[in-house]
Amino acid sequence: DTEVTQTPKHLVMGMTNKKSLKCEQHMGHRAMYWYKQKAKKPPELMFVYSYEKLSINESVPSRFSPECPNSSLLNLHLHALQPEDSALYLCASSQESASPDLYNEQFFGPGTRLTVL
Amino acid sequence: GDSVTQMEGPVTLSEEAFLTINCTYTATGYPSLFWYVQYPGEGLQLLLKATKADDKGSNKGFEATYRKETTSFHLEKGSVQVSDSAVYFCALSRWGGGSNYKLTFGKGTLLTVNP
């Protein structure tokens with residue numbers, strides 16, 4: 001299984017709602033990522049988990065709260081979002097290794113298209 | 001810091017035409033290089049990769065060669081199809097120096113292939 005799955009595919013929420021995005025992989029990858037992608041732009045890194053611990057937070061506002069309950073699952077909890085947070089949210093995963101030859105081949109999911117009203 | 005520069009397009013070609021999308025990079029050390037493709041309404045798919053100088057990545061008729069002397073990783077395909085219409089991202093990764101886990105992307109090139 002070389003797939004990263006994300007649910008839901010589309011999400012519309014109001015600014016006072018609380019919702020969660022889910023991501024799952026069964027490739028045995030121990031690094032998992034959240035990206036935000038606006039139209040016609042490359043993905044922007046938000047968070048990285050390594051061995052279920054938060055490794056990188058790219059100064060993301062606290063209305064985005066990541067969670068990694070186990071090595072296969074990654075959640076992104078959303079609360080009090082703003083209309084400018086509307087975007088495609090991508091999850092990715094990659095292998096972990098201490099080898100200096102490691103190259104960071106990331107496998108991406110199909111994304112959740114989020115609209116904040 | 002690391003950076004990737006690719007031709008932004010949009011690029012419009014007729015079916016069976018030759019494709020080149022230029023990509024150059026700036027990075028310390030020895031980065032790995034990638035081309036990702038994003039079809040409309042979908043996530044990113046890895047198209048091909050190269051991890052050291054002179055490596056050639058290839059997949060689905062696409063090719064790119066890691067040229068350290070020119071710091072380039074140009075994407076080529078000899079005969080494009082309508083189904084190749086997508087956005088193509090050049091990217092690099094480098095381990096160490098605070099760059100662990102990070103992919104540096106170019107801005108993306110929109111390719112449209114007409115029948």
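Parameters and conventions
Residues numbered from 1 in each chain as written. Chains lettered and ligands numbered in written order. Predicted model: local features only at pLDDT ≥ 70, side-chain atom pairs only at ≥ 80, totals over all residues. Heavy atoms only, no water. Pairing = 2+ DSSP bridges. Helix = DSSP H or I, 4+ residues; strand = E, 2+ residues; numbered from the N terminus. Axes fitted to C-alpha atoms, helices over the stretch in contact; angles between N-to-C directions. Buried < 20%, exposed > 50% of the residue type's maximum accessible area, 1.4 Å probe, protein only. Salt bridge = Lys/Arg side-chain N within 4 Å of Asp/Glu carboxyl O. Contact = heavy atoms within 4.5 Å. Buried area = accessible area lost by both parts, 1.4 Å probe.

Chemist: Can you walk me through the sheet that holds strand β3 (residues 18-25) of chain A in this structure?
Modeler: Hydrogen bonds along the backbone pair up the strands of a sheet, which may run parallel or antiparallel. All names here are of chain A. Spatial ordering of the open sheet is given by β1-β3-β8-β7, a layout of four strands whose pairing is antiparallel. Each edge of the sheet is formed by a strand with only one pairing partner; in this case those strands are β1 (4-7) and β7 (64-70). Taken pair by pair, the neighbouring strands of this sheet meet at an average axis angle of 20 degrees, ignoring direction.

Chemist: Explain the pairing of strand β9 (residues 87-94) of chain A here, please?
Modeler: It is a general feature of regular strands that their side chains alternate between the two faces of the sheet. All names here are of chain A. In terms of burial, β9 is a largely internal element, eight of the eight residues being buried. Side chains A87, Y89, C91 and S93 of β9 all project onto a buried face; the interleaved residues L88, L90, A92 and S94 project onto the opposite face, where all are buried too. Taken together, the seven bridges between strand β4 (residues 31-37) and β9 define a ladder with antiparallel strand orientation. Within the sheet, the bridge partner assigned to A31 lies in β9 and is S94. The pairing of β9 with strand β11 (residues 112-116) spans three bridges and is antiparallel. Looking across to β11, one finds that Y89 is bridged to T112. Pairing analysis gives two bridges linking β9 to strand β10 (residues 107-108), with the strands arranged antiparallel.

Chemist: Can you walk me through the pattern of salt bridges in this structure?
Modeler: Think of it this way: side chains of opposite charge can pair up when their charged atoms draw near. Tallied over the full model, the rule gives nine salt bridges over all chains. Notably, a salt bridge pairs A:D85 with A:R63, separated by 2.7 Å at the nearest N-O pair. On the criterion of sequence distance, the pair formed by A:D85 in the loop between β8 (73-79) and β9 and A:R63 in the loop between β6 (53-57) and β7 is long-range, its members being 22 residues apart. Residue B:E8 pairs with B:K107 through a salt bridge whose shortest N-O separation is 4.0 Å. One end of the pair, B:E8, is in the loop between β1 (3-6) and β2 (11-14); the other, B:K107, is in the loop between β11 (103-105) and β12 (109-114), and 99 residues separate them in sequence. Look at B:K107 and you get exposed, because its relative accessible area is 54%.

Chemist: Help me understand the interface of chain B and chain A in this model?
Modeler: It is common to report an interface's size as the accessible area lost on association of the parts. Listed by partner, the interface residues are 21 residues for chain B and 27 residues for chain A. Buried area between chain B and chain A, both sides added, is near 1,800 Å², and the carbon and sulfur share of it is 61%. For the chain B face of the interface with chain A, the top three residues by lost area are B:L44, B:W95 and B:Y101, together amounting to 37%. Counting every contact that joins chain B to chain A gives two salt bridges. Between B:K102 and A:E58 there is a salt bridge whose closest N-O contact spans 3.5 Å.

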